[in-house]
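Remarks on the overall topology
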Amino acid sequence: MKVGMGRAALNALYVVLLSGCTLFSPVKIDTTKNVLNNIPLDLPSEKTHSTTLLVLVPETTPIYTTTRMAYTTQAYQVAYFSRNEWAETPSQMIQPLIVKTLRNTHYFSEVLSPPHFGRHTFALRTEILELKQDFTSEPAMLQLAMRFDLSREATNQVIATKELSVREPMMERNPYAGVVAANEAIAKVLRELARFIIEKAG
């Protein structure tokens, strides 16, 4: 009886050793990458001025300095989806959208972005305050909030500040619906930003 049990134990150990790579390898979870790439089409068409604008890389509150996609299901708490994330950090995705939007107004002779600083008339600093899917409401909402500071290069003084916040309804209660809503929200924010910059730089 003991011999049989010993052989069974050895056989079990042999099987474990053979399958060790499978048992102890990390489980691969497929992750869906999502992007923000929507810019407004109905922008004001302006006469080009000799002024130039430098668009700095947006700063981000710590909770959004990651590619992880944030959501909330109850007040005062934020979590991240496990199988859905941004292709880049929000800052990396939004900065080129700001540049392209302001170029499309044709107001500035040149819109610059790092590392190409060059001489410029104005500088735009941005802070991403919030970018999350909010499932505490019905329908679920995408919450986007950003702050903009426009400064004059010659004096390095802020001449105008604006905070923009959008709550965009989500068509369904899932991560992809949040991505669609985020693209709608960013287009709205960029449209208002363009109007703000043109007004204050004039």
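Check the entry above for the structure.
Remember, it's a predicted structure, so these values are computed and weren't measured experimentally. (Residues numbered from 1 in each chain as written. Predicted model: local features only at pLDDT ≥ 70, side-chain atom pairs only at ≥ 80, totals over all residues. Heavy atoms only, no water.)

A few words now on the pattern of salt bridges. Here the structure, examined in full by the defined rule, presents 9 salt bridges. Salt-bridge contacts for Arg-147 lead to Asp-149; the nearest nitrogen and oxygen are separated by 3.6 Å. Accessibility expressed as a relative area gives 32% for Arg-147, which makes it partly exposed. Here Asp-149 falls in the buried class, since its relative accessible area comes to 18%. (Salt bridge = Lys/Arg side-chain N within 4 Å of Asp/Glu carboxyl O. Buried < 20%, exposed > 50% of the residue type's maximum accessible area, 1.4 Å probe, protein only.)

Time to look at the nonpolar core. Counting residues in each nonpolar core, the largest one holds 47 residues, and the members touching the most others are Leu-36, Leu-53, Ile-98, Leu-102, Met-146, Phe-148 and Ile-197. When residues of this core are traced back to their parent elements, those giving at least two are strand 2 (52-55), strand 4 (68-72), strand 5 (79-86), helix 3 (90-104), strand 7 (122-134), strand 8 (141-152), strand 9 (157-169) and helix 4 (175-201). Excluding its chain neighbours within four sequence positions, the residues that come into contact with Phe-148 are Ile-98, Leu-124, Arg-125, Thr-126, Ala-160, Thr-161, Lys-162, Leu-164, Val-189, Leu-193 and Phe-196. (Core = buried A, V, L, I, M, F, W, Y, C linked by side-chain atoms within 4.5 Å. Helix = DSSP H or I, 4+ residues; strand = E, 2+ residues; numbered from the N terminus. Contact = heavy atoms within 4.5 Å.)

Take the pairing of strand 8 next. Taken across its 12 residues, strand 8 has 10 buried, putting it largely inside the fold. The pairing of strand 7 with strand 8 spans 12 bridges and is antiparallel. Within strand 8, the position partnered with Lys-132 by the bridge is Gln-143. Counting the residues between successive antiparallel strands, the hairpin from strand 7 to strand 8 contains 6 residues. In the sheet, strand 8 pairs with strand 9 via 12 bridges, with the strands oriented antiparallel. Residue pairing for strand 9: Gln-143 is matched across the bridge by Arg-167. Here strand 8 folds back onto strand 9, and the loop between the two strands holds 4 residues, one of which, Asn-156, carries a positive phi near 60 degrees. (Pairing = 2+ DSSP bridges.)

Our focus in this paragraph is the pairing of strand 7. Bridging between strand 2 and strand 7 involves 3 bridges; their strand directions are parallel. Its bridge partner lying in strand 7, Val-55 is registered against Leu-124. Examined bridge by bridge, strand 3 (residues 59-60) and strand 7 share 2 bridges and lie parallel to one another. Its bridge partner lying in strand 7, Glu-59 is registered against Glu-127. Across 3 bridges, strand 4 lies against strand 7 in parallel orientation. Each residue of the ladder has a partner; that of Thr-72, found in strand 7, is Asp-134.

All right, on to unusual backbone geometry then. Here the bond from Pro-114 into Pro-115 is cis, since omega is 10 degrees, no more than 30 degrees from zero. Looking at the secondary structure, you find Pro-115 in the loop between strand 6 (110-112) and strand 7. Residue Pro-139 is reached from Glu-138 by a cis peptide bond, and omega for that bond is 0 degrees. Even without a glycine there, the phi angle at Tyr-76 is positive, about 75 degrees. Along the polypeptide, Tyr-76 turns up in the loop between strand 4 and strand 5. Despite not being glycine, Asn-156 shows a phi value in the positive range, around 60 degrees. Relative to the helices and strands, Asn-156 resides in the loop between strand 8 and strand 9.

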